[in-house]
Amino acid sequence: MPGIDECLLEAMALPGARGAALVDWSSGLALGTAGDSPVGDHETTAAETAELARAAAEYESFAQPTAELAADDPGGPPVEDVIVTTRTGYHVLRFVETSFDSSVFLHLWLDRTDGNLALARHRLRALAEGLVLR
């Protein structure tokens, strides 16, 4: 099972990957980064994406669990991922479920021309499931 650095390196191997980070959305801090940042500073990007992740995870409009999900709730937010499309790229935020009360997500920044959004979502899901947080 990969740790943070290995996970981010695997994310950067995806076609069109420009940058990746593991972010704590409760604090807005980057726990690890790889590649570039859209604004040139990974900490600023982490803080900004954390605001988006927090909104998606906490606002009832997005995170209202169904009765079936509530019964089988593994403890993580009911939102799986958030995708933001810009003129030049994609930002994929994938929530990471852990055995402890976690507020962590993977952020992958893809080039819109070279990136494959479907492949990125599939691979980020696998990376999030296999990530070992120490």
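Just so we're clear, the structure is a prediction, and the values are computed from it rather than from any experiment. (Residues numbered from 1 in each chain as written. Predicted model: local features only at pLDDT ≥ 70, side-chain atom pairs only at ≥ 80, totals over all residues. Heavy atoms only, no water.)

Caption draft 1: Up close: the environment of alanine 126. Tracing the backbone through its elements, the reader meets alanine 126 in helix 5 (residues 117-130). It is 9.9 Å that separates the C-alpha atoms of alanine 126 and cysteine 7, two residues lying 119 residues apart in sequence. (Helix = DSSP H or I, 4+ residues; strand = E, 2+ residues; numbered from the N terminus.)

Caption draft 2: Just the sheet that holds strand 3 (residues 81-85), in detail. Reading across from one edge, 2-1-5-4-3 is the order of the five strands in this open sheet, with antiparallel pairing throughout. Two strands lie at the open edges of the sheet, namely strand 2 (29-35) and strand 3, each paired on one side alone. When the angles between neighbouring strand axes are averaged without regard to direction, this sheet yields 15 degrees. As judged from the eight bridges shared by strand 4 (residues 89-96) and strand 5 (residues 104-111), these two strands associate in the antiparallel manner. The residue bridging tyrosine 90 from the neighbouring strand is leucine 110, located in strand 5. Lying on the sheet, helix 1 (residues 4-12) is in contact with strand 1 (17-24), strand 2 and strand 5; it crosses strand 1 at an angle near 150 degrees. Against the sheet, helix 2 (residues 42-58) contacts strand 1, strand 2, strand 3, strand 4 and strand 5, and its axis sits at roughly 120 degrees relative to strand 2. (Pairing = 2+ DSSP bridges. Axes fitted to C-alpha atoms, helices over the stretch in contact; angles between N-to-C directions. Contact = heavy atoms within 4.5 Å.)

Caption draft 3: Representation of the pairing of strand 1 within the structure. Most of strand 1 is tucked away, with seven of its eight residues classed as buried. As judged from the seven bridges shared by strand 1 and strand 5, these two strands associate in the antiparallel manner. Note on strand 5: the bridge partner recorded for alanine 20 is leucine 108. One ladder, built from six bridges, connects strand 1 with strand 2; its direction is antiparallel. Bridge pairing links glycine 19 to glycine 35 in strand 2. (Buried < 20%, exposed > 50% of the residue type's maximum accessible area, 1.4 Å probe, protein only.)

Caption draft 4: Quick look at the side chain of aspartate 24. Relative to the assigned elements, aspartate 24 resides in strand 1. Despite its burial, aspartate 24 pairs with no opposite charge; the closest candidate is arginine 54, at 6.5 Å N-O. (Lys, Arg positive; Asp, Glu negative; His and termini not counted. Salt bridge = Lys/Arg side-chain N within 4 Å of Asp/Glu carboxyl O.)

Caption draft 5: A look at the packing of aromatic side chains. Tallied over the full model, the rule gives two aromatic pairs. Geometrically, the ring pair formed by tryptophan 25 and phenylalanine 95 is edge-to-face, given 6.4 Å between the ring centres and 85 degrees between the ring planes. In this pair, tryptophan 25 sits in the loop between strand 1 and strand 2 while phenylalanine 95 sits in strand 4, placing the two residues 70 residues apart along the sequence. One exposure class covers both tryptophan 25 and phenylalanine 95, and it is buried. Relative to phenylalanine 105, the ring of phenylalanine 95 lies with its centre 6.3 Å away and its plane at 55 degrees, an arrangement referred to as tilted. In this pair, phenylalanine 95 sits in strand 4 while phenylalanine 105 sits in strand 5, placing the two residues 10 residues apart along the sequence. Each of the two residues, phenylalanine 95 as well as phenylalanine 105, counts as buried. Members of the aromatic cluster, connected to one another through ring pairs, are Trp25, Phe95 and Phe105. (Phe/Tyr/Trp six-rings, centres within 6.5 Å; stacked < 30°, edge-to-face > 60°.)

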